[in-house]
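What follows is each chain in one-letter form.
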Amino acid sequence: MYVKRLDTGETFGHAADQPWYLASTAKVPIGLAVLQQVDAGQLTLARTLVLRDVDKVDGSGSLVWQKNGSAHSVDSLLRRMLGDSDNTAANLLIRTVGEDALNQSAKAAMGGKDFAGFTSFAQVRRDVYAELHPAARKLTNDQLVRVASAPLGPRRVEAVRRAMGVKAGDLQVRTIDEAYARYYKHQRNSATLEAYGTLLEQLVRGKLLSPASTQRLFTAMKFGPPGGYRLAGGLRQDVKFIHKTGTQYRTACHVGVVNPQDGGAKAIVVASCARDLDDQREAGKVFTEVGRAVNRVLLGG
């Protein structure tokens, strides 16, 4: 975890200088890159983007089930990506702003430290499955969506093998656990929590976006009273909270800022991730305890 109180500069970290796979918390840097292009006049929130097969991927959100060629505004895609954590909306926005521009923006926002970079969520799937066999890099988006109907475990491995058209004996690893473990070691779509905390701090201090775009990102990140999930479950209900969760195989994260308003004058940045904990039974409870600690120590709750 990484916690920083912005009015005093006090920080606390535990393993915050280690790279963590960010899962869907990577969608905040994507939204940031989109709104920076809006501020630069390269995009507008009203601009219509067209859904293509190359955008579609399994996971959170319902956009994947809409027809190719359907039109969606940049603003609606931001809402889908950050409010519903829609992976396909994220892919469409990455395709629009460009992966290089996204990574340049993210690197600058996180303090200029080197990192392996963000990819599309479809590329995440291909890179994980490529640990089973390199032929996975040629899987189409439609194939990625179809193999995801098989539960994670032996049935997912078999579904990927069949989609690739290779023999079981040709697989480089035999389990989905091994595939993800090998993928995580590449540190793609990862960052230290200190670096992510820097991004959140710069965001609420108004250093990354215009006031209007900052507020737009806050709204998409569900600016308002905390809910009851993960970190939010431990916070007082009279504070404001912007946040984003992320979940991937054997990893989970929850990041956010308590009281981000007023240029972060009384803001508290919190970034937390966990490995090898079940999301529903274990990781969520741990994050709630982190929220309770922030509430008790920093908010006087």
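Refer to the structure presented above.
Quick caveat, the model's predicted, so the values are computed rather than measured.

To continue, consider the sheet that holds strand β7 (residues 241–248). Taking strand neighbours across the sheet as the criterion, the five strands line up as β2-β1-β9-β8-β7 in an open arrangement whose pairing is antiparallel. The sheet is open, and its two borders are formed by β2 (11–13) and β7, each paired with just one other strand. On average, each strand axis in the sheet is tilted by 5° relative to the strand beside it, whichever way the strands run. In this structure, strand β1 (residues 2–5) lies alongside β2, joined through three bridges in antiparallel fashion. In the sheet register, V3 faces β2, and the bridge partner there is F12.

Of the pockets and cavities examined, the largest pocket occupies roughly 390 Å³. As for the largest pocket, its lining consists of 24 residues, and the residues nearest its centre are G59, S60, R125, T247 and Q248. Where the lining of the largest pocket is concerned, the elements lending two or more residues are α5 (121–130) and β7. When residues of the lining of the largest pocket are assigned to their parent elements, the largest contribution, five residues, is made by β7. If you add up the space inside the second largest pocket, you get close to 280 Å³. Lining the second largest pocket we find 16 residues, and of these A181, Y184, K185, T251 and R275 sit closest to its centre. Here the residues of the lining of the second largest pocket sort into eight nonpolar, three polar and five charged.

A few words on the side chain of S120. Tracing the backbone shows S120 in the loop between α4 (99–109) and α5. A polar contact is formed between the side chain of S120 and the backbone nitrogen of Q123, at a distance of 3.0 Å. In this view, S120 contacts N91, I94 and E99; residues no more than four positions away in its chain are not counted.

Listing the buried residues of helix α7 (residues 154–164) in full gives R156, V157, A159, V160, R161 and M164. Packing partners of the buried residues in α7 comprise α5, α6 (141–147) and α8 (176–185). Among the residues trailing α7, G165 stands out with phi positive, at a value near 75°.

What follows covers the environment of L139. Within the secondary structure, L139 sits in the loop between α5 and α6. Classification of L139 by relative accessible area gives buried; the value is 3%. Taking the C-alpha atoms as reference, L139 lies 40 Å from V3; in sequence the two are 136 residues apart. Beyond its immediate stretch of four places on either side in the chain, L139 contacts R126, Y129, L144, V160, A163 and M164.

Before going further, it helps to examine α8. Listing the buried residues of α8 in full gives I176, A179, Y180, Y183 and Y184. The buried residues of α8 occupy an angular sector of 130° when the element is viewed end-on, so they sit on one face. Elements in contact with the buried residues of α8: β3 (19–21), α5, α7, β7 and β8 (251–258). Two residues or fewer after α8 comes Q187, characterised by a positive phi angle close to 65°.

With that settled, consider the state of the cysteines. Evaluation of the coordinates by the stated rule reveals one disulfide. One disulfide bridge connects C253 with C273, the sulfur atoms lying 2.1 Å from each other. Around the S-S axis, the bridge from C253 to C273 shows a dihedral of about 105° and counts as right-handed. Of the two residues, C253 sits in strand β8 while C273 sits in strand β9 (residues 268–275), which places them 20 residues apart along the sequence.

For the rest of this paragraph, the subject is the nonpolar core. A general trend in soluble globular proteins is that nonpolar side chains are found buried together. I30, M81, L93, Y129, L132 and L203 are the most contacted members of the largest nonpolar core, which has 83 residues in total. If sequence neighbours within four positions are ignored, L203 has contacts with L208, L209, T214, L217, F218, M221 and I242.

Below, the discussion takes up the environment of D17. Counting through the fold element by element, D17 comes out in the loop between β2 and β3. Taking the C-alpha atoms as reference points, D17 and H186, separated by 169 residues in sequence, lie 16 Å from one another. When neighbours within four sequence positions are excluded, D17 is seen to be in contact with T192 and E194.

What follows concerns the packing of aromatic side chains. For the structure on display, the rule yields seven aromatic pairs. On the basis of an interplanar angle of 65° and a centroid distance of 5.3 Å, the ring pair of F115 and F118 is categorised as edge-to-face. Using a relative accessible area of 21% as the deciding quantity, one classes F115 as partly exposed. F118 sits in the buried class, given a relative accessible area of 2%. An angle of 40° between the planes, with centres 5.8 Å apart, marks the rings of F218 and F223 as tilted. One aromatic cluster is present, built from ring pairs that chain together Y21, Y180, Y183, Y184 and Y249. K27 extends its terminal NZ or CZ atom over the ring of F121, reaching a point 4.8 Å from the ring centre.

Procedures and definitions
- Residues numbered from 1 in each chain as written.
- Predicted model: local features only at pLDDT ≥ 70, side-chain atom pairs only at ≥ 80, totals over all residues.
- Heavy atoms only, no water.
- Pairing = 2+ DSSP bridges.
- Helix = DSSP H or I, 4+ residues; strand = E, 2+ residues; numbered from the N terminus.
- Axes fitted to C-alpha atoms, helices over the stretch in contact; angles between N-to-C directions.
- 1 Å grid on protein atoms, 1.4 Å probe; cavity = no way out; pocket = protein on both sides within 12 Å on 5 of 7 lines; lining within 4 Å.
- Points joined across faces, edges and corners; volume = space filled by probe spheres on them.
- Nonpolar A, V, L, I, M, F, W, Y, C, P; charged D, E, K, R; others polar.
- Polar contact = N/O pair within 3.5 Å; in protein donor to acceptor, adjacent residues only side chain to side chain.
- Contact = heavy atoms within 4.5 Å.
- Buried < 20%, exposed > 50% of the residue type's maximum accessible area, 1.4 Å probe, protein only.
- Arc of directions from axis to C-beta.
- Disulfide = S-S within 2.5 Å.
- Core = buried A, V, L, I, M, F, W, Y, C linked by side-chain atoms within 4.5 Å.
- Phe/Tyr/Trp six-rings, centres within 6.5 Å; stacked < 30°, edge-to-face > 60°.
- Lys NZ or Arg CZ within 6 Å of the ring centre and 35° of its normal.

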